[in-house]
Amino acid sequence: MKTVLVTGGLGYIGSHTCIELLRKNYNIIIIDSFVNNSIDSISQIKNLIRKEYKIFDLSITLKKGDIRDELFLDNVFIEAKNQNNKIDVVIHFAGLKSVNESIKKSLEYWDVNVGGTLALLNAMQKNDCRTIVFSSSATVYRHKINKQISEESELMPINPYGRTKQVIEMILKDKFNEKCNDWRIINLRYFNPVGAHESGLIGENPKINPTNLFPVIMNKMSLSERIPVFGNDWPTKDGTCIRDYIHVVDLAKAHLASLEFLIDKRSIFLSLNIGTGIGISVMEVINTFSKISNCKIQYYFDRRRGGDAPYVVADNRLALATLNWKPKKKILDMCKDTWNWHKKMIKT
């Protein structure tokens, strides 16, 4: 069975993707720095696989290290090869990911996200690994008014985080275009990952203060505080922003489907939108959480935030036509699984 290197594999999306890989009996090697994750996540992954899927023979290795450290990366590849466990594919999550933080710490984001990717690509090339699924983002796009975003939409990120994602995609494209190229690359531009594993055993637990809607709602509910809604005068059905929320398990399965698609190809470069294609407003999310939790969620309307857009929804038709994948979970599932994870977190 092929071996997959998962950078940032203990993060929110990375850990759910590792679950899907293990379910398919892939050998996985995880690299993580623990900057925004906990080492406990590896135990949570193993426990979930054993408890929920009754899989006990797991091939999973954890390496602590910095994605920018090319010598460390090179040693990971060499050690795997020496153990007859050569790394065939990389799924690249590692990096900093807060839009708001990137505005305050732009140099750090360029250093970690772009510098780390360059180090990774050098190590991959040196060790004859040329297949990568890159964790990109819908933040690379210029927003449209009430129109879905396709892969052909204009690229114009408005914050350092989004710009690092766009530059990494450009680097990958240049690598693909080199003479005698045999690289296989997919950029997954995903929209708003939310939810948790339905077991409630893993979910999103950021160390830094959250700014995304779902963790903000959970955080404010824990503190019995009102939830800020940034603007109620947007040109949308209820005046609040509309986003394309995708369940993290559906997103994890998109990574698995991308990996399996690339394995069967000789050389290819693709960018794919990963979303549901369905827009959900902030008020719809709040009302759904109120229903799921059987608790009237308190909120207040605040001023619009700089950089927000009224409508950000994926045109996901290319991904549906290309991959053996489609999103299955609805907004009710997303809220229910988030709430289940939150309740279990409170008890521990």
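Please refer to the structure placed before this passage.
Note that the structure is predicted; figures quoted are calculated from it, not measured.

Cut-offs applied
Residues numbered from 1 in each chain as written. Predicted model: local features only at pLDDT ≥ 70, side-chain atom pairs only at ≥ 80, totals over all residues. Heavy atoms only, no water. Helix = DSSP H or I, 4+ residues; strand = E, 2+ residues; numbered from the N terminus. Rg over C-alpha atoms; globule rule 2.2 N^0.38 Å. Buried < 20%, exposed > 50% of the residue type's maximum accessible area, 1.4 Å probe, protein only. Contact = heavy atoms within 4.5 Å. Areas by Shrake-Rupley, 256 points an atom, 1.4 Å probe, with all protein chains shown as cover. Lys, Arg positive; Asp, Glu negative; His and termini not counted. Charge placed at Lys NZ, Arg CZ, Asp CG, Glu CD. Pairing = 2+ DSSP bridges. Axes fitted to C-alpha atoms, helices over the stretch in contact; angles between N-to-C directions. Expected span 1.5 Å × (residues − 1). Polar contact = N/O pair within 3.5 Å; in protein donor to acceptor, adjacent residues only side chain to side chain. Phe/Tyr/Trp six-rings, centres within 6.5 Å; stacked < 30°, edge-to-face > 60°. Lys NZ or Arg CZ within 6 Å of the ring centre and 35° of its normal. Salt bridge = Lys/Arg side-chain N within 4 Å of Asp/Glu carboxyl O.

Quick look at the overall build of the protein chain now. Within the protein chain, the secondary structure is distributed over 11 helices and 14 strands. Relative to the globule expectation of 20 Å for 348 residues, the C-alpha radius of gyration of the protein chain, 20 Å, shows essentially globular dimensions. Across its three principal axes, the protein chain shows a C-alpha extent of roughly 55 × 45 × 40 Å. In the protein chain, which comprises 348 residues, the share counted as buried stands at 54%. Residue pairs in contact within the protein chain that sit at least 24 positions apart in sequence constitute 82% of those at least 6 positions apart. Accessible surface for the protein chain amounts to roughly 16,200 Å². Of this, 47% is attributable to carbon and sulfur atoms. The average position of the 49 basic charges and that of the 37 acidic charges among the side chains of the protein chain differ by 3 Å.

The next subject is the sheet that holds strand E2 (residues 27–32). Ordered in space as E3-E2-E1-E4-E5-E6-E11, the seven strands form an open sheet in which the pairing is parallel. Strand pairing shows two members of the sheet lacking a second neighbour, strand E3 (60–64) and strand E11 (268–274), which therefore form its edges. Neighbour-to-neighbour, the strand axes of the sheet open up by a mean angle of 15 degrees, direction not taken into account. Where strand E4 (residues 87–92) and strand E5 (residues 131–137) come together, three bridges link them in parallel fashion. Within E5, the residue paired with Val-90 across the bridge is Ile-132. Packed on one face of the sheet, helix H3 (residues 70–82) meets strand E1 (3–7), E2, E3 and E4 and runs near 165 degrees to E2. On the sheet, helix H6 (residues 160–176) packs against E5, strand E6 (184–190) and E11 and is oriented at approximately 155 degrees with respect to E5.

Here we take up H3. End to end, H3 covers 18 Å across 13 residues, agreeing with the expected 18 Å (1.5 Å per residue, within 8%). Inspection of H3 places Phe-72, Leu-73, Asp-74, Val-76, Phe-77 and Ala-80 among the buried residues, and these make up the whole buried set. The inward-facing, buried residues of H3 abut E1, E2, E3, E4 and helix H5 (106–126). One side-chain oxygen of the residue at the start of H3 lies 3.2 Å from the amide nitrogen of Leu-71, identifying that residue as Asp-69.

To describe a pair of aromatic rings, one takes the distance between the centres and the angle between the planes. Enumeration over the complete set of coordinates arrives at four aromatic pairs. Taken together, a centroid distance of 5.8 Å and an interplanar angle of 45 degrees make the contact between Phe-176 and Phe-269 tilted. Taken as a pair, Phe-176 in helix H6 and Phe-269 in strand E11 lie far apart in primary sequence, 93 residues in all. By relative accessible area, which is 17% here, Phe-176 ends up buried. Taking the relative accessible area as the measure of exposure, Phe-269 reaches 18% and is therefore buried. Their ring planes at 70 degrees and their centres at 5.1 Å tell us that Phe-214 and Phe-289 sit as a pair that is edge-to-face. You can see Phe-214 sitting in helix H7 (residues 213–222) and its partner Phe-289 sitting in helix H9 (residues 282–293), a full 75 residues away along the chain. Just as Phe-214 is buried, Phe-289 falls in that class too. An aromatic cluster is present here, built from Phe-214, Tyr-245 and Phe-289 joined pairwise through their rings. Geometry around Trp-234 places Arg-304 over its ring, the cationic atom sitting 3.9 Å from the centre.

Below, the discussion takes up the pattern of salt bridges. Evaluation of the coordinates by the stated rule reveals 17 salt bridges. A salt bridge links Glu-178 to Lys-175; the nearest nitrogen and oxygen atoms lie 2.7 Å apart. Among the salt bridges present, the one from Arg-317 reaches Asp-315, with a minimum N-O distance of 2.7 Å. Through salt bridges with shared partners, a single ionic network connects Asp-66, Arg-68 and Asp-111.

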